[in-house]
Amino acid sequence: MILKIFLKELKDTLRDKRTLMMMIFIPVLVFPIILYITAGISSSFEKEAATKNIKIGFIGAVESAVIQEFMHMPKNLGEFNLEPYADQATLEKDVKNDSLQMGLIVPNDYLENERSMKPIKCTVIYNATDLGISDRAEKYMDLVEKNAEKKRYKALELDEEKLQPIITEYKNIASKKEMIGRLAGGILPYVFIAFGFIGCMYPAIDLFTGEKERGTIETLLTTPVSRIQILIGKMAVVVLSGLLAATSALVGLFFAIKVMSFEGNAQIMDIVQSILTPGFVLMLFFLLFPLTVFFAGVMVPIAVYAKSFKEAQSIITPLNIVMVLPAMVGLFPGIDLNIVTACIPVINIVLSTKELIAGTLEPGLLFLSFGIMVALAMVAVFISYKRFDKETNVVL
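Just so we're clear, the structure is a prediction, and the values are computed from it rather than from any experiment.

## Regarding the pairing of strand β3 (residues 102-105)
Line of reasoning, step 1. Residues M102 and L104 point to one face of β3 and G103 and I105 to the other, with burial holding for every one of them.
Line of reasoning, step 2. Direction of pairing for strand β1 (residues 54-59) relative to β3: parallel, over a ladder of four bridges. Directly across from I56, in β3, lies its bridge partner M102.
Line of reasoning, step 3. Where β3 and strand β4 (residues 123-126) come together, four bridges link them in antiparallel fashion.

## Examining the pairing of β1
Line of reasoning, step 1. Most of β1 is tucked away, with five of its six residues classed as buried.
Line of reasoning, step 2. Bridge count between β1 and strand β2 (residues 80-84): five bridges; the pairing is parallel. When the bridges of β2 are listed, K55 appears paired with N81.
Line of reasoning, step 3. This β-α-β element, β1 to helix α3 (residues 65-71) to β2, shows right-handed connectivity.

## Focus: a nonpolar patch on the surface
Line of reasoning, step 1. A cluster of nonpolar side chains, M21, F25, I26, L29, I33 and I37, forms an exposed patch at the surface whose accessible area comes to about 540 Å².
Line of reasoning, step 2. On the basis of relative accessibility, which here comes to 41%, the residue M21 falls in the partly exposed class.

## Observations concerning the packing of helix α8 (residues 187-214) against helix α12 (residues 278-305)
Line of reasoning, step 1. Packing of α8 against α12 leaves a shortest axis separation of 8 Å and a crossing angle of 35°. Considering only the axes of α8 and α12, their crossing is right-handed. Touching L188, F192, I193, G196, F197, C200, M201, A204, I205, F208, T209 and K212 of α8 are F280, L284, F285, L288, L291, T292, F295, M299, V300, A303, V304 and Y305, all from α12.
Line of reasoning, step 2. Looking at the contact of α8 with α12 residue by residue, the classes come out as 20 nonpolar, three polar and one charged.

## Quick word on unusual backbone geometry
Line of reasoning, step 1. Of note, E157 is a non-glycine position whose phi angle comes to about 55°, a positive value.
Line of reasoning, step 2. Mapping E157 onto the fold places it in the loop between α6 (133-155) and α7 (176-183).
Line of reasoning, step 3. Relative accessible area serves as the criterion here: at 73%, E157 is assigned to the exposed category.
Line of reasoning, step 4. Of note in this structure, V346 is not a glycine but carries a positive phi near 70°.
Line of reasoning, step 5. With respect to the helices and strands, the residue V346 is situated in the loop between α13 (309-327) and α14 (347-358).

## Digging into the pattern of salt bridges
Line of reasoning, step 1. Tallied over the full model, the rule gives six salt bridges.
Line of reasoning, step 2. The partner of R214 in a salt bridge is D206, with the nearest N and O atoms 3.1 Å apart.
Line of reasoning, step 3. A relative accessible area of 48% places R214 in the partly exposed class.
Line of reasoning, step 4. Judged by relative accessible area, which is 15%, D206 ranks as buried.

Cut-off values and rules
Residues numbered from 1 in each chain as written. Predicted model: local features only at pLDDT ≥ 70, side-chain atom pairs only at ≥ 80, totals over all residues. Heavy atoms only, no water. Buried < 20%, exposed > 50% of the residue type's maximum accessible area, 1.4 Å probe, protein only. Helix = DSSP H or I, 4+ residues; strand = E, 2+ residues; numbered from the N terminus. Pairing = 2+ DSSP bridges. Right-handed = clockwise from strand over helix to strand, strands pointing away. Patch = residues over 30% accessible without salt bridge, like charges linked within 9 Å, V, L, I, M, F, W, Y side chains within 5 Å. Areas by Shrake-Rupley, 256 points an atom, 1.4 Å probe, with all protein chains shown as cover. Salt bridge = Lys/Arg side-chain N within 4 Å of Asp/Glu carboxyl O. Axes fitted to C-alpha atoms, helices over the stretch in contact; angles between N-to-C directions. Left-handed = near helix turned anticlockwise from the far one by under 90°. Contact = heavy atoms within 4.5 Å. Nonpolar A, V, L, I, M, F, W, Y, C, P; charged D, E, K, R; others polar.

If you want it as structure tokens, here you go:
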């Protein structure tokens, strides 16, 4: 009987175009569109910032080594025009109002410092809000400093290698899979939770509040079927809708990474494909299933209580923020799964998923996290049943 109710409600849900849009089409399309727009805009701005012709004002003697280095700067670092200035106040004012993009001040005692082999303290002025200018300034000055060092070594007849008594070599023993899991693994459960919640919301409202508005709930309750069977049948559709929406979002994310062309894409795809094994996917759903049941158990009592679709939507929608905010913890570095975090709802699933991606998930913490969410899901289902069993809540 539960299966019959489930199939009947599922059929009605799949006929609703709005629900299908929220469950499948929007989750699948949202990430390719977002990544395409973001990558396109970012690439465009970076290219423009690196190649546009800028104005650089300078204070100091043209014959100084620093200004001469700028006059012979390689074109591949970006073209610029040099303009002399008499005072620093005017220079800073023009940089601030974007008449200049960069300012360079060479001290008057540069020649004395060059002769006495002392460092020349130059000042670079720029506006950090101007995209790409700080990077270009650093590249210019790095080249100037390196060339000045080589000249100084040559003048002192020194071997550059002899001035480096220690050469440090850093070796990273963490695998690329572990690094992605630790640093970026939080995005996966965040996506699943956000879209899983949205996927549950519309079917929950339609299958309970919607039936009250349409006046069909009374007919359903007159059938020789217990209310717990009706509730489980309807809740199963809500849970399936949430899982389907979350899965569609993950498919969209995977598809976006696969089709987008950017530096290191092939390497990222190799790591992603090594992560998305059948065993990983099954374990992921094992972790996230009780969370989705919990979402359904939270929404159903509200949908049963609400008198209209609009009322139910206005109450449930803000809950999305409450549920998704803990998921953002997974995006923060330094927060790991332990005995304490394994007992915190939602956060435990997020951190467990991160550890699962990294391949460092401890079985004890896994079962503790899973057990906590199963217990909460059972409590949520029980509350849903008590609400659904109450006559005044079910019938308008």
